[in-house]
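Topology and contacts: notes
Take a look at the letters that make up each chain.
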Amino acid sequence: MKLLLVEDDPSMQVTLQRSLARRKIDVRVCGDGALALAHWRAVEPDVVALDLSLPNLDGLQVLAQARAEGLRTPVLLLTARGTVGDRIVGLNAGADDYLPKPFDLDELEARIRALRRRNQNAGPDPVLNPQEVGGLRFEPDSGAIYHRAEVLELTPRELALLKALMMKPGHAVTKERLFELVFPGETDVQYEAVEVVVYRLRKKLVGTGAALMTLRGLGYLLRAEQ
């Protein structure tokens, strides 16, 4: 079993790597957020154990970017931040489980193995059908987005942004990634232009059963309204 451990504390790195290796878990260690993404793409681990406090990109930014890129590896967040709010933000950003520090090594191993089993046994999730969110339906053949039987009237930029969010329902997509999709090759446009498109799109989604949410520091996500 391959585990990517993203932890910036050198002593914690050594302790966990040695302890988990004795339990037949192959641990790759990374202490930097940006490097963690590169390792994640290259290694394709079974599980990622991700600390929130990291240099360059913090754990939530790493997680949001990985999910935006389509990396579906199960993620266990490891953090000293123990409030309910932090746990909710982490889970909404795409984490699968949460273990506050300090933790017991046996519990860490159990959670890692449980995530791997759950991922191996998981079938398609009808709730997160990437082509339907709330009352919206994306038709890949035509490229149109429908609300009930009617095509949703959107500008090209609004359509590009909404399509990007519909392909990642319930997961944050970073502003940087949305900028690349909505303003491709436009070097004279600022990142803040994404906020204008989001503002206009959010008004058009009223009554569709889909809500466009802002997660500070993470980006935007689309979810079905409760």
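The text that follows walks through the structure, step by step, so that each part is easy to find. Everything quoted here is computed from the prediction, not taken from an experiment. (Residues numbered from 1 in each chain as written. Predicted model: local features only at pLDDT ≥ 70, side-chain atom pairs only at ≥ 80, totals over all residues. Heavy atoms only, no water.)

1. Re the pairing of strand β11 (residues 219–224)
To keep it simple, the criterion reads: A strand pair is defined by DSSP finding two or more bridges across the two strands. Working definition: helices are DSSP H or I runs of at least four residues, strands are E runs of at least two. Numbering for both runs from the N terminus.
Where strand β10 (residues 210–215) and β11 come together, six bridges link them in antiparallel fashion. Residue pairing in the sheet places L215 in a bridge with G219 of β11. Joining the antiparallel neighbours β10 and β11 is a turn of three residues, in which G217 adopts a positive phi near 85°.

2. Some details on the packing of aromatic side chains
So the rule is basically this: Any Phe, Tyr or Trp ring, taking Trp's six-membered ring, that has another such ring centre within 6.5 Å forms a pair; planes under 30 degrees apart are called stacked, those over 60 apart edge-to-face, and the others tilted. Think of it in three bands: residues with accessible area under 20% of the maximum for their type are buried, residues over 50% are exposed, and the middle band is partly exposed, with areas taken using a 1.4 Å probe on protein chains only. Criterion for a charge above a ring: Lys NZ or Arg CZ within 6 Å of the ring centre, and within 35 degrees of the ring normal.
Scanning all chains against the criterion turns up two aromatic pairs. Ring geometry for F179 and Y191: centres 4.8 Å apart, planes at 75°, overall edge-to-face. With F179 in helix α7 (residues 175–182) and Y191 in the loop between α7 and α8 (193–204), the pair connects residues that are 12 residues apart, well separated along the chain. Residue class for F179 comes out buried when judged on its relative accessible area of 11%. On the basis of relative accessible area, Y191 is assigned to the partly exposed category, the value being 40%. Positioned above the aromatic ring of Y146 is the side chain of R137, whose terminal nitrogen or guanidinium carbon lies 4.8 Å from the ring centre.

3. Comments concerning the packing of helix α2 (residues 33–43) against helix α3 (residues 59–68)
Filter applied, for reference: Axis angles are defined between N-to-C directions and span 0 to 180 degrees, where every axis is a line fitted to C-alpha atoms and, for a helix, only to the segment in contact. Crossings are assigned a handedness: left-handed for a near helix turned anticlockwise from the far helix by less than a right angle, right-handed for a clockwise turn. For this analysis, residues touch if any pair of their heavy atoms sits within 4.5 Å. Ten residue types, Ala, Val, Leu, Ile, Met, Phe, Trp, Tyr, Cys and Pro, are classed as nonpolar, four, Asp, Glu, Lys and Arg, as charged, and the remainder, Gly among them, as polar.
Where α2 contacts α3, the axes come no closer than 10 Å and their chain directions differ by 30°. Of the two elements, α2 crosses α3, and the hand of that crossing is right-handed. From α2, G33, A36, L37, W40 and R41 reach across to α3, where they touch V62, L63, Q65, A66 and R67. Its residues placed into classes, the contact of α2 with α3 shows six nonpolar, two polar and two charged.

4. Describing the layout of surface pockets
Short version of the rule: Using a 1 Å grid laid over the protein atoms alone, points where a 1.4 Å probe fits but cannot get out form a cavity; open sets with protein on both sides within 12 Å along at least 5 of 7 lines form a pocket; any residue with an atom within 4 Å of a point counts as lining. Grid points are joined across faces, edges and corners, and a volume is the space filled by probe spheres set on the points.
Roughly 350 Å³ of volume is contained in the second largest pocket. Taken together, 19 residues line the second largest pocket, and the ones lying closest to its centre are T174, K175, E176, G217 and L218. Going through the elements one at a time, α3, α7, β10 and β11 are the ones with two or more residues in the lining of the second largest pocket. Its residues assigned to classes, the lining of the second largest pocket comprises six nonpolar, six polar and seven charged.

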